[in-house]
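Secondary and tertiary structure notes
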Amino acid sequence: MGCGHKDDKASLASSQIASFRHQPHQLPSTPASKEVWKKGGRMFSILLAVHLALLACTLVSSGAFEKIAVHDYDVFFLLTVMMLIVIIWIIFYLVGTSRFPDAILCKDSHAGPIWLRGGLILFAIFSLVMDVFKIGYYSSFYSCLSAIKIIYPIVQAIFVVVQTYFLWISAKDCVHVHLNITRCGLMLTLTTNLAVWMSAVTDESVHKAHSKLKKNVTEEIFKWFLKAGMRSSSAEECNCNSQICQIFKNGYFWLYPFNIEYSLFASAMVYVMWKNVGRFIDHHSHHIHRLKFRLFRRTFFVGIVLGLIILVSGLGVLILYEVQVNSSTESSKKSQALTMYYIFNIVCLGLMSLVCIGGSVIYRFDKRDMDRHKNPTRTLDVALLMGAALGQYAISYYSIVAIVASTPRDAISALNLTYALLMIAQHTFQNIFIIEGLHRQPPKEDHKHDSHQKDLYGLTFVNINAVSLRVPDSGSTLAPSTASGTEAIHPSDLMQSLTAPKKMNWRRKFLREISMFLLLSNIILWIMPAFGARPQFDNDTELNFYGDSMWPAIVDICLPFGIFYRMHAVASLLEVYIMS
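Analysis parameters
Residues numbered from 1 in each chain as written. Predicted model: local features only at pLDDT ≥ 70, side-chain atom pairs only at ≥ 80, totals over all residues. Heavy atoms only, no water. Helix = DSSP H or I, 4+ residues; strand = E, 2+ residues; numbered from the N terminus. Contact = heavy atoms within 4.5 Å. Expected span 1.5 Å × (residues − 1). Buried < 20%, exposed > 50% of the residue type's maximum accessible area, 1.4 Å probe, protein only. Core = buried A, V, L, I, M, F, W, Y, C linked by side-chain atoms within 4.5 Å. Domains from an automatic or database assignment. Phe/Tyr/Trp six-rings, centres within 6.5 Å; stacked < 30°, edge-to-face > 60°. Disulfide = S-S within 2.5 Å. Axes fitted to C-alpha atoms, helices over the stretch in contact; angles between N-to-C directions. Parallel < 35°, antiparallel > 145°, perpendicular 65-115°, else oblique. Left-handed = near helix turned anticlockwise from the far one by under 90°. pLDDT = per-residue confidence, 0-100. Salt bridge = Lys/Arg side-chain N within 4 Å of Asp/Glu carboxyl O. Polar contact = N/O pair within 3.5 Å; in protein donor to acceptor, adjacent residues only side chain to side chain. Patch = residues over 30% accessible without salt bridge, like charges linked within 9 Å, V, L, I, M, F, W, Y side chains within 5 Å. Areas by Shrake-Rupley, 256 points an atom, 1.4 Å probe, with all protein chains shown as cover. Nonpolar A, V, L, I, M, F, W, Y, C, P; charged D, E, K, R; others polar.

**Side note on the overall build of the protein chain**
Regarding its fold elements, the protein chain presents 20 helices and two strands. For the protein chain, long-range pairs separated by at least 24 residues make up 88% of all intrachain contacts whose partners lie at least 6 apart in sequence.

Structure (structure tokens):
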């Protein structure tokens, strides 16, 4: 038996040495030059993405104003061409990687987790519904609109389907063929998604401005404003009198937030793929943790119940806010709606801040090691959390300056000031909690301890007493069984093993409760501004202080980042929940 075991070790060692000898034939012959070219290929793809992004940003921003001779169909033409090129490249990538057996030598287990891909599919479905509504709306004006207005949503629907399938099956790939073409193709895909995102944000902002302007002024003054400098969609010149046309028009504007989030989710996943091009993963340090998502196990339901209460209450506040602010012109109802909105958010943000502080304190007592391995997905998550929070930070600081510097102070101004301060605190504490959770290693299962613990759990309390009766008063352990080779069992160790799980799991349970509460709270804080509850436009303090042109521009630029922060925090908190 011993000789056979040694022979197995020798054969295993020889096979490993042979595999390492054959490994350099799969790698490039000059690793140093490969690393230099890797940096050069990345730099070229980054330059390509920067130039395309600047071109798209220039066209989108220029098309937002009527006086500039750039129309919305010019923007749609550029986006259509970019999406068609990306579709062709994705087909080339899928065919190319399937024909080469060594195209994908390894996969990144951290990239493209199932909850991120599931969220991508959910947003893709709503984006397809939005494209159907767009096609129905623009088809009503095919006689007075450019053909690109109908072609664009059709191409966008095809682009969403192809890209979603591509990211579902290829998000974990570490490609090792056509490296420079793959890097450029992925950067083109990322830039296309960002350009679509910029166009959607601009269209939504212009639509909100038109709707608010129509509510406050007459039709003649509204047309004068359009001629003065605001962009008017070419569809505004056509008549939309039928009921089905109004349904299509209102429907696709309500679905814009889902398309915005889809573009940002896809951009994040494509960036991770770009980082993994040409990457070799050390499987000895890159452990694959197969974690099971158990929502209703090992939980006290406190976080879920409190989160659902916040979610349902927020939906009620959103409905009342929309009815009283957007459907009524009375200033008293507007003040009541703003007061209700600020009180709800102050309570919600205050609870979230306290919970995040408690979670960070619990992490101080956590015995798990920090995960210091290279992980592009985690690096991107942290960068997006920190970067997207800057948008809400900017709005809050602008509000604080306007409220403090303004002379008339009322109850709404005090609530607005408290809301802005709590928004800054909550983003800060939540980022600390999420980043700590992402850098913790998952709980490891000690199979030796588990088997030993299972043997101990098999003993009944009668056997425990019997064991304790056989142990002398001196505390000596039981004699080991030389025939079976089992370890000696002491009654104190037995009782400690039986009570150990209750002492070890309380931190994980509290962290799960905190993660679930924050997850549900971030969902409602994403829904409210994404679907119209934006007190920044309805509160007169900031508008009077910064002016009607500067303050809406600040909010239009910064608010999309704040909305994206909430959705990305939901995905990160789900990962923290599963890792706890």
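**Regarding the environment of Pro 552**
You can see Pro 552 is positioned in helix H20 (residues 550-579). Residues Pro 552 and Glu 542, 10 residues apart in the sequence, show an inter-C-alpha distance of 9.5 Å. If near-sequence neighbours (up to four positions away) are discounted, Pro 552 is found in contact with Phe 537, Leu 543 and Gly 547.

**Describing helix H9 (residues 256-275)**
The first and last C-alpha atoms of H9 sit 29 Å apart over 20 residues, in line with the 28 Å expected at 1.5 Å per residue. For H9, a buried count of 18 out of 20 residues is recorded, marking the element as mostly surrounded by other parts of the structure.

**Quick word on the nonpolar core**
One finds Phe 433 and Trp 526 to be the most contacted residues of the largest nonpolar core, which totals 131 residues. The leading source of residues in this core is H20, at 16 residues. Here this core spans two domains, since at least three of its residues come from each of domain 1 (39-224 + 240-280) and domain 2 (296-442 + 504-579). Not counting residues within four places of it along the chain, the set of residues in contact with Phe 433 comprises Cys 356, Gly 359, Ser 360, Tyr 363, Leu 511, Ile 514, Ser 515, Leu 518, Leu 573 and Val 576.

**What to know about unusual backbone geometry**
Among all residues save glycine, negative phi is the norm, and among peptide bonds the norm is trans. If you check the backbone angles, His 178 has positive phi at about 50° while not being a glycine. In this structure, His 178 sits in the loop between strand E2 (173-175) and helix H6 (179-216).

**A short note on the packing of aromatic side chains**
Tallied over the full model, the rule gives 29 aromatic pairs. Relative to Phe 258, the ring of Phe 123 has its centre 6.2 Å away and its plane inclined at 45°; by these criteria the two rings are tilted. Residue Phe 123 is located in helix H4 (residues 114-139), and its partner Phe 258 is located in helix H9; the two are separated by 135 residues in the primary sequence. Aromatic pair Phe 253 and Tyr 256: ring centres 5.6 Å apart, planes at 55°, arrangement tilted.

**A word on the state of the cysteines**
Overall, the coordinates contain zero disulfides when judged by the stated rule. Cys 106 carries a free sulfur, and the closest cysteine sulfur to it, the one in Cys 174, is 4.2 Å from it. We classify Cys 106 as buried; its relative accessible area is 7%. Given the relative accessible area of 0%, Cys 174 is considered buried.

**Digging into the packing of H4 against helix H5 (residues 148-170)**
H5 packs onto H4 with a crossing angle of 165° between their chain directions and a minimal axis gap of 9 Å. The orientation of H4 with respect to H5, classified from their angle, is roughly antiparallel. The element H4 and its partner H5 pack so that their crossing is left-handed.

**Points about the confidence of the model for the protein chain**
Averaged over all residues, the pLDDT of the protein chain equals 76, while 72% of them reach at least 70. Considering each helix and strand of the protein chain separately, the mean pLDDT is smallest for helix H15 (residues 461-470), with a value of 42, and largest for H5, with 93. Every residue in residues 446-487 is under pLDDT 50, and counting partners more than four places away or in other chains gives 29 contacts. With pLDDT under 50 throughout, residues 497-504 is counted as low confidence; its partners more than four residues away or in other chains account for eight contacts.

**Topic: the pattern of salt bridges**
Within the structure shown, the criterion is met by two salt bridges. Across the pair Asp 173 and Lys 107 runs a salt bridge whose closest N-O atoms are separated by 2.5 Å. Of this pair, Asp 173 sits in strand E2 while Lys 107 sits in strand E1 (residues 104-107), and the two are 66 residues apart along the sequence.

**Some remarks on the side chain of Ser 396**
With respect to the element layout, Ser 396 can be found in helix H12 (residues 376-405). In this structure the side chain of Ser 396 is engaged in a polar contact, spanning 2.9 Å, whose partner is the backbone oxygen of Gln 392.

**So, a nonpolar patch on the surface**
A contiguous nonpolar patch, built from Ile 114, Ile 121, Ile 125, Val 129, Tyr 165, Trp 168 and Ile 169 and spanning about 610 Å² of accessible area, is present on the exposed surface. Those elements giving two or more residues to the nonpolar patch turn out to be H4 and H5. A total of four residues in the nonpolar patch trace back to one element, the largest contributor, which is H4.

**Things to note about the environment of Leu 311**
The topology assignment puts Leu 311 in helix H10 (residues 302-326). According to the relative accessible area criterion, Leu 311 is buried, its value standing at 15%. Residues Leu 311 and Ile 523, 212 residues apart in the sequence, show an inter-C-alpha distance of 7.5 Å. Once residues lying within four places of it in the same chain are set aside, the contact partners of Leu 311 are Leu 520, Ile 523 and Ile 524.

**Some thoughts on the packing of helix H8 (residues 243-254) against H9**
One way to put it is that H8 packs onto H9 with a least axis distance of 4 Å and a crossing angle of 35°. In this structure, H8 contributes Tyr 252, Phe 253 and Trp 254 to the contact, and H9 contributes Tyr 256, Pro 257 and Phe 258. Residues of the contact of H8 with H9, tallied by class, amount to six nonpolar, no polar and no charged.

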